[in-house]
Amino acid sequence: MGIQKTFKALSDSTRRQILELLKDGALSAGDIAAHFHMTAATISHHLSVLKDAELVSDEKQGKYIYYELNMSVMDELIRWLASFQGGNDDAK
């Protein structure tokens, strides 16, 4: 996991909203764009950043491209963040 790319991708609220949309399953780029008041080019840029960070994957089906969460990267990120829980028992 490229942690720097992951956090850069997550730093933008639009990209976080796109990830929220994809929680329930794959969506086409058009379906994703329909949730925002932005140009298709802007949504395409956000999807490209998410894909570069490996947070989403894409698959072409006919003339449409469908995006879905890459759960292996999400799981790795969650495990890494969870490793900070608990802390040092000596500090109590």
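Going by the structure above, here's the rest.
These notes cover the structure that comes with them. (Residues numbered from 1 in each chain as written. Predicted model: local features only at pLDDT ≥ 70, side-chain atom pairs only at ≥ 80, totals over all residues. Heavy atoms only, no water.)

1. Comments concerning the packing of helix 1 (residues 3-10) against helix 5 (residues 71-82)
Their axes nearest at 12 Å, the elements helix 1 and helix 5 cross at an angle of 100 degrees. Here helix 1 is positioned roughly perpendicular relative to helix 5, judged by the angle of their axes. Contact with helix 1, carried on its side by I3, T6, F7 and L10, involves L77, W80 and L81 of helix 5 and no other residues of that element. (Axes fitted to C-alpha atoms, helices over the stretch in contact; angles between N-to-C directions. Helix = DSSP H or I, 4+ residues; strand = E, 2+ residues; numbered from the N terminus. Parallel < 35°, antiparallel > 145°, perpendicular 65-115°, else oblique. Contact = heavy atoms within 4.5 Å.)

2. Details of the nonpolar core
With 21 residues, the main nonpolar core has I18, L19, L22, I32, L50 and L55 as its most contacted residues. When contributions to this core are tallied by element, the ones reaching two or more residues are helix 1, helix 2 (13-22), helix 3 (29-33), helix 4 (40-52), strand 3 (64-69) and helix 5. Ranked by residues supplied to this core, first place goes to helix 4 with four residues. (Core = buried A, V, L, I, M, F, W, Y, C linked by side-chain atoms within 4.5 Å. Buried < 20%, exposed > 50% of the residue type's maximum accessible area, 1.4 Å probe, protein only.)

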